[in-house]
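Now for the letters of each chain:
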Amino acid sequence: MTTTDIPAPATTKGGKPEDFYTLGEEVRDTKAPGGPIDAKWSKRKFEAKLVNPANRRKLTVIIVGTGLAGGAAAASLGEAGYNVLNFCYQDSPRRAHSIAAQGGINAAKNYRNDNDSTFRLFYDTVKGGDYRARETNVYRLAEVSANIIDQCVAQGVPFAREYGGLLDTRSFGGVQVQRTFYARGQTGQQLLIGAYQALERQIAVGTVQMYNRHEMLELIVVDGKARGIITRDMVTGEIESWFADAVVLATGGYGNVFFLSTNAMGCNVTADWRAHRKGAYFGNPCYTQIHPTCIPVHGSNQSKLTLMSESLRNDGRIWVPKRAEDCDKDPRDIAEEDRDYYLERIYPAFGNLVPRDIASRQAKNRCDEGRGVGPAVTEFDSEGNEVKVRRGVYLDFSDAIGRLGKDGVAARYGNLFDMYAQITGENPYETPMRIYPAVHYTMGGLWVDYDLSSNIPGLYVTGEANFSDHGANRLGASALMQGLADGYFVLPNTINDYLAAAPFEKIDETHPAAVEALESVKGRIDRLLSVKGNRTVDSFHKELGHIMWEYCGMERNEAGLMKAIGLIRELREEFWRDVKVTGVNEDLNQTLERAGRVADFFELGELMCIDALHRRESCGGHFRAESQTPDGEALRDDENFLYVAAWEYAGDKPVLHKEPLEYEYIELKQRSYK
């Protein structure tokens, strides 16, 4: 076990933001070709080296993850003739968290004839990300979006259709056109089944070898190149080494660092973090998306939160009482003139369909004013005093039911309404839903270039696991778009350029780098099992989540972030002294699994706070209280922070590499949805 796996005592908490990091060299994306932006992707595909079909059979690619990004990539590379080793920690590829996505997938096909276009999708995405995304990657995403829909229809994905048989679309936040294709509230499930069918075909013909219930715990790096991974068989505890010519991480986001989030409980950062510790840069870790449309927290023993699709904001209207004294009333007894439809009031051009970061902050503001609804919960003010606050706003479908009828609303959102009723015991057809923001998606992730390659040659990162495309805030229905774009269309056209340099040195488990990686994993597991402390893993995770939500959640400030870093370091030291991990490695041991993931969450949480501390501006989901307009909107600082923060691992004092962002096709300006 390497000594850096156990944190040294935190001897100092620092005195100012610059004490927590050092500056490194500037980093540049060098793979995007020159020329007009609408020709860059075609030019890059042509310039990339090819691998002939006979040689592909001699090459092996490891893909970690079987969601939309990983499953699509494995199916595509298998179809191309590569040997693919595909790993997931679930008992089936169909259990990947992509299945939980609800509302839809964006594509610039202009079926509504409402003036949509590739450029408009590009513009909306850059603006929605508060001008903190890379232009070249975002334009490519918009460019290939139309192909995704055709691919999925060919696979049999049952998108909703209009009366005449054409594919139907609906609106999502941050745009004024209807470009979101959907399958009721089950779009992620249907898209994943399509990718799964393609994956299973390749498994059947032998190009893909599938390894379920295997968790990646380390990256093998040989002579600076990614050449394999170490996994733990989650049923038997066997630690194994796997080798390939390239490694692809498609392992999703890290929202569970907050403990309570809309992510599946198994979602974690370990694969990304192990690669980060081996030298891969981590891009914009503090960019966390808070989704405004979630079922509020309802108990201290709750283990996750439930998303209610943003698509509900198409027909549902969000409001709170105008007077605090009305918050105890049945919402049906509150007269229309006593309701504050605050998003429609503040943002008349976009109304209830403003981007997620804006809708979330406005919901929090209304509750902070004392006009929230639902049960009162105990919180603490800035002076440590207990206060009672209601954390909820109404999402009301009474107007939509009057306009469309109950059956019409049920046809669009029936499964979502059923889910809400089962969880809350309330009938949303009769009384408004109660919603409140919750952690949902992470725009940060491993840094990648235009080819989706990390700074470690041979290590590619796709989907939510990379930082690319969304800037400081993801527009709704764009996660599915990015995952499938990366898996079906981008990675298969860029990884060839790297693999064309094969053959690489043949390595096996006797190689010193493989031995070191294997021993590191075994040592880490032995250390976790040997602590034999008194506190459960979940108790540590909950406390970490509370720190992250309180100081690095919907609103951040310098003092709070510096305090959070100190608290996280102290809690991390206590974790390694007093965590209680029962059982043994050579068996099914879910406590051991969670302990390893939480250990990585501690280090990630600290980096998120350092990233948020260094970025003294507000942009998208990163809202610094010190940087806002007079009317409370996010205030960017383009002069000082127009860059991607690419962090290099260096223990308690990471190294910041800046990638300058250059805007040639879109004008930088203050975001406005009014």
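About the thresholds
Residues numbered from 1 in each chain as written. Predicted model: local features only at pLDDT ≥ 70, side-chain atom pairs only at ≥ 80, totals over all residues. Heavy atoms only, no water. Buried < 20%, exposed > 50% of the residue type's maximum accessible area, 1.4 Å probe, protein only. Helix = DSSP H or I, 4+ residues; strand = E, 2+ residues; numbered from the N terminus. Pairing = 2+ DSSP bridges. Domains from an automatic or database assignment. Contact = heavy atoms within 4.5 Å. Buried area = accessible area lost by both parts, 1.4 Å probe. Salt bridge = Lys/Arg side-chain N within 4 Å of Asp/Glu carboxyl O. Core = buried A, V, L, I, M, F, W, Y, C linked by side-chain atoms within 4.5 Å. Axes fitted to C-alpha atoms, helices over the stretch in contact; angles between N-to-C directions. Phe/Tyr/Trp six-rings, centres within 6.5 Å; stacked < 30°, edge-to-face > 60°. Lys NZ or Arg CZ within 6 Å of the ring centre and 35° of its normal. Right-handed = clockwise from strand over helix to strand, strands pointing away. pLDDT = per-residue confidence, 0-100. Expected span 1.5 Å × (residues − 1). Disulfide = S-S within 2.5 Å. Lys, Arg positive; Asp, Glu negative; His and termini not counted. Polar contact = N/O pair within 3.5 Å; in protein donor to acceptor, adjacent residues only side chain to side chain.

Undergrad: Account for the pairing of strand S13 (residues 288-294), with residues named and values stated.
TA: With respect to burial, S13 is a largely interior element, seven of its seven residues being buried. With five bridges joining them, S13 and strand S19 (residues 433-442) adopt antiparallel strand pairing. Bridging from a neighbouring strand, Gln289 pairs with Tyr441 of S19.

Undergrad: How would you sum up the domain arrangement of the protein? Please name residues and give values.
TA: On domain assignment, one finds that the protein holds domain 1 (1-287 + 443-665) and domain 2 (291-439). Contacts between the two partners involve 35 residues from domain 1, matched on the other side by 38 residues from domain 2. Interface of domain 1 and domain 2: buried area, both sides summed, is about 3000 Å²; carbon and sulfur atoms make up 54% of it. Taken together, domain 1 and domain 2 are joined by zero salt bridges.

Undergrad: Which residues make up the sheet that holds strand S4 (residues 105-106), and what are the values?
TA: The strands that make up a sheet are held in pairs by hydrogen bonds between backbone atoms, and each pair lies either parallel or antiparallel. Strand order in this open sheet of three strands is S4-S6-S5, and the pairing throughout is antiparallel. Of all the strands in the sheet, the pair left with one neighbour each is S4 and strand S5 (169-170). The pairing of S4 with strand S6 (residues 180-181) spans two bridges and is antiparallel. Note that in S6 the partner of Ile105 across the bridge is Phe181.

Undergrad: I'd like to hear about unusual backbone geometry, residue by residue, with values.
TA: In this structure, the amide linkage connecting Ala502 to the following residue, Pro503, adopts the cis form with an omega of 10°. Inspection of the secondary structure assignment puts Pro503 in the loop between helix H11 (479-499) and helix H12 (512-531). Unusually for a residue other than glycine, Phe259 sits at a positive phi of about 65°. The residue Phe259 is located in the loop between strand S11 (246-249) and helix H7 (270-277) in this model. The exposure class of Phe259 is buried, given its relative accessible area of 11%. Its identity is not glycine, yet Ala477 carries a phi of approximately 75°, on the positive side. Turning to its location among the elements, Ala477 is positioned in the loop between strand S21 (459-461) and H11. The class for Ala477 is buried, based on a relative accessible area of 5%.

Undergrad: So what about the nonpolar core? Which residues, and what values?
TA: With 158 residues, the main nonpolar core has Ile105, Leu249, Leu499 and Phe575 as its most contacted residues. Of all the elements, helix H15 (residues 590-614) adds the most residues to this core, at 13 residues. Once residues within four sequence positions are removed from consideration, Leu499 is found in contact with Val51, Leu59, Val61, Tyr82, Asp245, Ala246 and Phe504. Membership of the second largest hydrophobic core comes to 30 residues, among which are Leu312, Leu343, Phe417 and Ile435.

Undergrad: Could you give me a rundown of the sheet that holds strand S23 (residues 655-660), with the residues and numbers involved?
TA: Strand order in the open sheet made by the five strands is S1-S23-S22-S12-S20, with mixed pairing throughout. Here the strands that pair on one side only, and so sit at the sheet edges, are strand S1 (22-23) and strand S20 (445-446). The sheet contact formed by S1 and S23 spans two bridges and is parallel. Counterpart to Thr22 in the pairing with S23 is Val655. Against the sheet, H15 makes contact with strand S12 (282-283), strand S22 (643-648) and S23, and its axis sits at roughly 145° relative to S22, the strand it touches most.

Undergrad: Give me the lowdown on the packing of aromatic side chains, citing residues and values where you can.
TA: The tally for this structure, following the rule as stated, stands at 27 aromatic pairs. Ring centres 5.6 Å apart and planes at 65° place the aromatic pair Tyr254 and Phe282 in the edge-to-face group. One end of the pair, Tyr254, is in the loop between S11 and H7; the other, Phe282, is in strand S12, with 28 residues separating them in the sequence. In this structure Tyr254 comes out as buried when scored by relative accessible area, which is 1%. Judged by centre distance (5.2 Å) and plane angle (25°), the rings of Tyr498 and Phe504 are stacked. In this structure, Tyr498 and Phe504 share a single accessibility class: buried. One aromatic cluster is present, built from ring pairs that chain together Tyr254, Trp273, Phe282 and Tyr649. Seen from the ring of Tyr450, Arg140 lies directly overhead, with NZ or CZ sitting 4.2 Å from the centre.

Undergrad: Before we move on, could you go through the pairing of strand S2 (residues 60-64) and cite the residues and values that matter?
TA: Of all five residues in S2, five are buried; the element is thus mostly enclosed. Neither face of S2 is exposed, since Thr60, Ile62 and Val64 on one face and Val61 and Ile63 on the opposite face are all buried. Once you follow S2 into helix H3 (residues 68-80) and on to strand S3 (residues 83-87), the crossover reads as right-handed. Relative to S11, S2 runs parallel, the two sharing four bridges. Pairing of Ile62 across the sheet is with Val247, part of S11.

Undergrad: Please set out the side chain of Asp451 residue by residue, giving values where relevant.
TA: Mapped onto the elements of the fold, Asp451 is located in the loop between S20 and S21. Setting aside residues no more than four positions away along its own chain, Asp451 makes contact with Lys31, Arg44, Tyr460, Thr494 and Asp497.

Undergrad: Which residues make up the confidence of the model for the protein, and what values go with them?
TA: For the protein, per-residue confidence averages 95 on the pLDDT scale, and residues scoring 70 or more make up 97% of the total. Counted against residues more than four places away or in other chains, residues 8-12, with its pLDDT under 50, gives five contacts.

Undergrad: Quick one: what's the story with helix H9 (residues 356-368), residue by residue and with numbers?
TA: An ideal rise of 1.5 Å per residue puts 18 Å on 13 residues; H9 measures up with 18 Å between its terminal C-alpha atoms. Most of H9 sits out of view: eleven of its 13 residues are buried. Turning to H9, its buried residues are Arg356, Asp357, Ile358, Ala359, Ser360, Arg361, Gln362, Ala363, Lys364, Arg366 and Cys367. Looking one or two residues beyond H9, the residue adopting positive phi is Gly370, at roughly 95°.

Undergrad: Kindly report on the environment of Asp449, identifying the contributing residues and their values.
TA: Relative to the assigned elements, Asp449 resides in the loop between S20 and S21. For Asp449, a relative accessible area of 6% gives the class buried. In sequence terms Asp449 and Leu544 are 95 residues apart; their C-alpha atoms lie 32 Å from each other. In this structure, Asp449 is in contact with Asp29, Lys31, Arg134 and Asn137, ignoring residues within four places of it in sequence.

Undergrad: Any chance you could break down the state of the cysteines for me, citing the residues and the numbers?
TA: The tally for this structure, following the rule as stated, stands at zero disulfides. Of the cysteine sulfurs around Cys267, a residue in no disulfide, the closest is that of Cys88, at 12 Å. Cysteine Cys294 shares no disulfide, and the gap to the nearest cysteine sulfur, in Cys367, comes to 13 Å. For Cys294, a relative accessible area of 0% gives the class buried.

Undergrad: So, the side chain of Arg140: which residues are in play, and what are the values?
TA: Positionally, Arg140 belongs in helix H5 (residues 135-154). Within the buried set, Arg140 has no salt-bridge partner at all; the shortest N-O distance to an opposite charge, 5.2 Å, is to Asp451. Here Tyr450 takes part through its backbone oxygen, which lies 2.7 Å from a polar atom of the side chain of Arg140.

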